[in-house]
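In case you want the letters, here they are:
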Amino acid sequence: MAEVLLFHHALGQTSGFLAFADDLRRAGHTIHTPDLYDGRTFHTLDEGIAHAEELGFGTIIERGTRMADELPSDLIYAGFSLGVLPAQKLAQTRPGARGALLFYSCVPVSEFGSSWPADVPVQIHGMDADPIFMDEGDVDAAREIVASAPQAELFLYPGDQHYFADSSLPSYDPQATALLSKRVLDFLASR
């Protein structure tokens, strides 16, 4: 079974984020869910992003890196939205990475290196009408990775929600989440 370091989104460790992690655990995987926000959660994206900006995105990435340092190196790195920043950095730069799962977000490879590591498989998931994923450069960064990496997949789901796999939020889409979960579990089983 796989061992995963899973980072939360800008709202913090919501009950839906924790439920997603628990679903992966029930499938037999070891899932680490560090708290980048020291226990704080937020009700709106604007509040969560304001807190992330107050902390600094570099600080969030550094916190994720420090948390990874306490774990084995042969991990799969995963992140939801804001959590993609430390997950993608670690997948691209930490030796031993076994894979990456990037949900709702993706940044250009150039943020953390010159190319995606050829031996690190990656899945990227987003909605095809999510204004954040589609209009703010995330889908372009995802397509760049898919075009250049030998083991990369981009999955687009119908809909316009950003946090569609968080069952505790109004944006939750059970149908899209079921398909995302199946793809993630298949990915983890193959690692």
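Everything numeric in this text was worked out from a predicted model, so none of it was measured.

A. View of the packing of aromatic side chains. Summed over the entire model, instances satisfying the criterion amount to nine aromatic pairs. Ring centres 6.0 Å apart and planes at 85 degrees place the aromatic pair Phe-17 and Phe-80 in the edge-to-face group. Here Phe-17, found in helix H1 (residues 15–26), pairs with Phe-80, found in strand E3 (residues 76–80); they are 63 residues apart in sequence, far enough to count as distant. Comparing Phe-17 with Phe-80, the two get one shared label, buried.

B. Quick look at the nonpolar core. If you look at the biggest cluster of nonpolar residues, it comprises 63 residues, and the most contacted ones within it are Leu-6, Tyr-77, Phe-103, Trp-116, Ile-145 and Leu-188. Leaving out residues up to four positions away in the same chain, Trp-116 has contacts with Gln-88, Ala-91, Gln-92, Ala-100, Val-109, Val-122, Ile-145 and Ala-149.

C. Inspection of the pattern of salt bridges at higher detail. Throughout the structure, instances matching the rule amount to five salt bridges. As a salt-bridge pair, Asp-22 and Arg-25 come within 2.7 Å of each other at their nearest N and O atoms. With Asp-22 and Arg-25 both in helix H1 and three residues apart, this pair spans about one turn of that helix. You can call Arg-25 partly exposed: its relative accessible area is 31%. Linking Glu-62 and Arg-66 is a salt bridge whose minimum nitrogen-to-oxygen distance equals 3.9 Å.

D. The side chain of Gln-92, seen in detail. Here Gln-92 lies in helix H4 (residues 84–93). Residue classification places Gln-92 among the buried residues on the basis of a relative accessible area of 10%. Separated by 3.1 Å, the side chain of Gln-92 and the backbone oxygen of Val-109 make a polar contact. Setting aside chain neighbours within four positions, we find Gln-92 in contact with Val-109, Phe-112, Gly-113, Ser-115, Trp-116 and Pro-117.

E. Summary view of the side chain of His-125. Mapped onto the elements, His-125 comes out in strand E5 (residues 122–127). Among the polar contacts listed, one links the side chain of His-125 to the side chain of Tyr-157, at a separation of 2.6 Å. Among all residues touching His-125, those that are not within four sequence positions of it are Leu-102, Phe-103, Tyr-104, Ser-105, Phe-133, Phe-155, Tyr-157, Leu-180, Arg-183 and Val-184.

F. Main features of the sheet that holds strand E2 (residues 30–32). The six strands are arranged E2-E1-E3-E4-E5-E6 in an open sheet whose pairing can be described as parallel. Either end of the sheet is taken by a strand with one partner, and the two such strands are E2 and strand E6 (152–157). Neighbouring strand axes in the sheet, compared pairwise and without regard to direction, differ in orientation by 15 degrees on average. When strand E4 (residues 99–103) meets E5, the two strands line up parallel, connected through four bridges. Within the sheet, the bridge partner assigned to Ala-100 lies in E5 and is Val-122.

G. View of helix H2 (residues 45–55). For H2, the complete set of buried residues consists of Gly-48, His-51 and Ala-52. Buried residues in H2, looked at end-on, bunch into an arc of 100 degrees, giving them a common side. Those residues of H2 that are exposed and angled more than 90 degrees off the buried face are Asp-46, Glu-53 and Glu-54. Residues of H2 that are buried make contact with helix H3 (57–69).

About the criteria used
- Residues numbered from 1 in each chain as written.
- Predicted model: local features only at pLDDT ≥ 70, side-chain atom pairs only at ≥ 80, totals over all residues.
- Heavy atoms only, no water.
- Phe/Tyr/Trp six-rings, centres within 6.5 Å; stacked < 30°, edge-to-face > 60°.
- Helix = DSSP H or I, 4+ residues; strand = E, 2+ residues; numbered from the N terminus.
- Buried < 20%, exposed > 50% of the residue type's maximum accessible area, 1.4 Å probe, protein only.
- Core = buried A, V, L, I, M, F, W, Y, C linked by side-chain atoms within 4.5 Å.
- Contact = heavy atoms within 4.5 Å.
- Salt bridge = Lys/Arg side-chain N within 4 Å of Asp/Glu carboxyl O.
- Polar contact = N/O pair within 3.5 Å; in protein donor to acceptor, adjacent residues only side chain to side chain.
- Pairing = 2+ DSSP bridges.
- Axes fitted to C-alpha atoms, helices over the stretch in contact; angles between N-to-C directions.
- Arc of directions from axis to C-beta.

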